[in-house]
Amino acid sequence: MMLSLMTALTAVRSQDAGAKDYPLKPVSFTQVKVTDDFWAPRIETNRAVTIPFIFKLCEETGRIDNFAIAGGLMKGEYKGERYNDTDVYKTIEGASYSLAVHPDAGLDAYLDSLIAKIAAAQEPDGYLFTARTADPAHSQPGIGAERWVEENVSHELYNAGHLYEAAVAHFQATGKRTLLDVALKNADLVASVFGPDKRHGFPGHQVIEMGLVKLFRVTGNRKYLDLAKYFLDQRGHDVKLTIYPPGSRFAIYNDAEQIQAHKPIFEQAEAVGHAVRAVYMYSGMADIAALTGSEEYIRAADRFWDNVVGKKMSITGGIGARHERESFGVDYELPNLTAYNETCASIGGAFWNLRMFLLHGDGKYLDVMERTIYNGLISGVSLDGKAFFYANPLQADAKFEFNQGLKTRAPWFETACCPGNIARFIPSFPGYIYATKGDTIYVNLFVGSTAKADLGTCPVTLRQETRYPWEGKVRIIVEPEKESKFAVSVRIPGWALGRPIDGTLYQYEPEAGKAGARGTANPGPTLKVNGTSVPLAVDKGFVSLERVWKKADVIEVDCPMPVRCVVADAAIKGNRGRVAFERGPLVYCAEGVDNGGRVLDLEVAGDSSFAAEFQPGFLNGVVVLKGKAADGRTITLVPYYAWSNRGIGEMIVWIKERNKG
Ligand SMILES: [Zn+2]
């Protein structure tokens, strides 16, 4: 059943001969088995704890019943926000990724039961939006009296986008068309309503663009790709906003800039407005750039990237500085205590940077992606997998309620976008580790794992053995099915080459042995093939090793991990006279609980040095950094992602340097 459908759909796709696409293709997460001590336990916690936990909360909060009520399967009233359907969709997407690599008959059957309710809630013409269908005569706040008349507020097309992504994931995992058919019927309706010669409009919250591209990929039907492009092209044209009176909680949507519709996208010079909307839009733009080859799209995607990475990103990869409207600030507006840095924006940032890499083949995008994933993204979920951050600040004073009214992690939120986004990102992570282009296989990230890739000439298995991110030694065992010539392109992370990210927003202080140095020396990365040193010829962040590979050839990479001090561009006011500490891909912070309760007044001296020590039983096993404060007391730093797993307390990333600033 599954195979014949796949074959049929692949056949449709291949008729589109000569179609454009990303030059690089990710090696699917289903072809990559993570075997390390860092990611494998996280993926397992997500599967065994987070996904069931979120489904349970979706049940308890009426999110599942909303579908049953809209479908006439039970009596009752719609509960919650108008976008609550998406929490169910995103968790189905995550559960499907999990199912694809970890068969689970119970979960499979549970998804079937959810999909039956979703299908029941779909109106005969394909419309699916439980906030309206549950009681069309008495519309929920913010959805308008009719379909799509308040798109700047209603989230109807946003809900649809998450439905499409869930449907494609479920189809690919199970071979069942149940949810895919619901999604296609909905997309066909949307395509019949919106377009250049039809109703004009665009989503108030982007994500449908990525969803439509996935429907295009799975069906080969160009209509879905055209609609995705139309929605992007239409932004900034014929903008009709429903305006709410001042004081209304919907008044934030009165502003076209908040939803990136103040100008056509090619005329937008910088990243503005709601950060999650923005990065979902940029990800959709990268898809359109790749699938159409449009230079205009490529240039626009590049422009937004230069602005975000050059001027609007926290050291953790977090984006969207302001709590107010969950939006980007102006250039260099990057506060610490009040940084918003929504977990969803970090996840969107990972989507976007992977796409930019697949488009351009440059490791600078992976430097940002890795920084985001290891810091401001996985910070979003607790070590036990059932408490979440909405906001990911760089400082905490134990007073400011930064996390939707709380001073620490929360099991749930009324607007619960972030938990479901974690649930779907984590199981898809193995798909970020490798990519291919022709007869080259790219090692994007160092993660203990086994990957199977087909290089056209020959199937190849790569096996990475490493204790990354705690150690920078990596063994890559190359296993071609038969001896053959191809290239293994190994990324040398920017941090190992003395460059935290592209541009000048963050820079390392000089290393030991150089003027103004602090910390241990950095001997720099080395590379060997079968024990013989290879010159480190880094091009666009990669060393390309092209040769005739045979079974059990070994590549050894060693990226020493000295503790590094980072200084921020002086234009970031709050970080003047302060330094942050990093080791490998990880940003560190000081928490009160490890440092006598108080860290906001910490000062380090210009010659403070820190030693790294792996503590297996602490915070699920982490390297801690220990050093001396300027006043002589010992300071303990922990990885930023692990903070706030031990109650409410102070935390700081950017530490004051004595006699500076
Ligand atoms: Zn969120």
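See the structure printed just above.
Not measured: the values here are computed from a predicted model.

Visitor: Which residues make up the pairing of strand S5 (residues 440–443), and what values do they have?
Guide: Neither face of S5 is left uncovered, since the one carrying Thr 440 and Tyr 442 and the one carrying Ile 441 and Val 443 both have all their residues buried. Where strand S4 (residues 434–437) lies against S5, 4 bridges are found, and the strand directions are antiparallel. If you follow Ala 435 over to S5, its bridge partner there is Tyr 442. The antiparallel hairpin formed by S4 and S5 contains 2 residues in its connecting segment, where Gly 438 sits at a positive phi of about 55°. Here S5 runs beside strand S9 (residues 484–491); their pairing, made up of 4 bridges, is parallel. Bridging from a neighbouring strand, Val 443 pairs with Val 490 of S9.

Visitor: For the sheet that holds strand S13 (residues 542–549), give the residues involved together with the corresponding values.
Guide: Reading across the sheet, the 5 strands line up as S1-S4-S5-S9-S13 and stay open at both edges, with mixed pairing between neighbours. Every other strand in the sheet has two partners, leaving strand S1 (25–26) and S13 as the edge strands with one partner each. Sitting on the sheet, helix H15 (residues 363–377) touches S9 and S13, and the angle it makes with S9 is about 50°.

Visitor: Explain the coordination of the zinc ion to me, and be specific about the residues and the numbers.
Guide: Surrounding the zinc ion are the protein donor atoms Glu 342 (OE), Cys 344 (SG), Cys 417 (SG) and Cys 418 (SG), at 2.1 to 2.3 Å. Metal-centred angles of 95 to 118° between the 4 donor atoms at the zinc ion mark the site as tetrahedral. Mapped onto the sequence, the residues coordinating the zinc ion show the spacing E-x1-C-x72-C-C. With a gap of 75 residues between them, Glu 342 in the loop between helix H13 (295–311) and helix H14 (343–360) and Cys 417 in helix H16 (residues 417–428) connect regions that are remote in the sequence. Overall, the relative accessible area of 3% leaves Glu 342 in the buried class. Overall, Cys 417 belongs to the buried group, its relative accessible area being 9%.

The rules behind each value
- Residues numbered from 1 in each chain as written.
- Predicted model: local features only at pLDDT ≥ 70, side-chain atom pairs only at ≥ 80, totals over all residues.
- Heavy atoms only, no water.
- Buried < 20%, exposed > 50% of the residue type's maximum accessible area, 1.4 Å probe, protein only.
- Helix = DSSP H or I, 4+ residues; strand = E, 2+ residues; numbered from the N terminus.
- Pairing = 2+ DSSP bridges.
- Contact = heavy atoms within 4.5 Å.
- Axes fitted to C-alpha atoms, helices over the stretch in contact; angles between N-to-C directions.
- Donors = N, O, S within 2.8 Å, 3.2 Å for Na, K, Ca; no water.
- Tetrahedral: all angles 85-135°; square planar, octahedral: opposite > 155°, others 65-115°.

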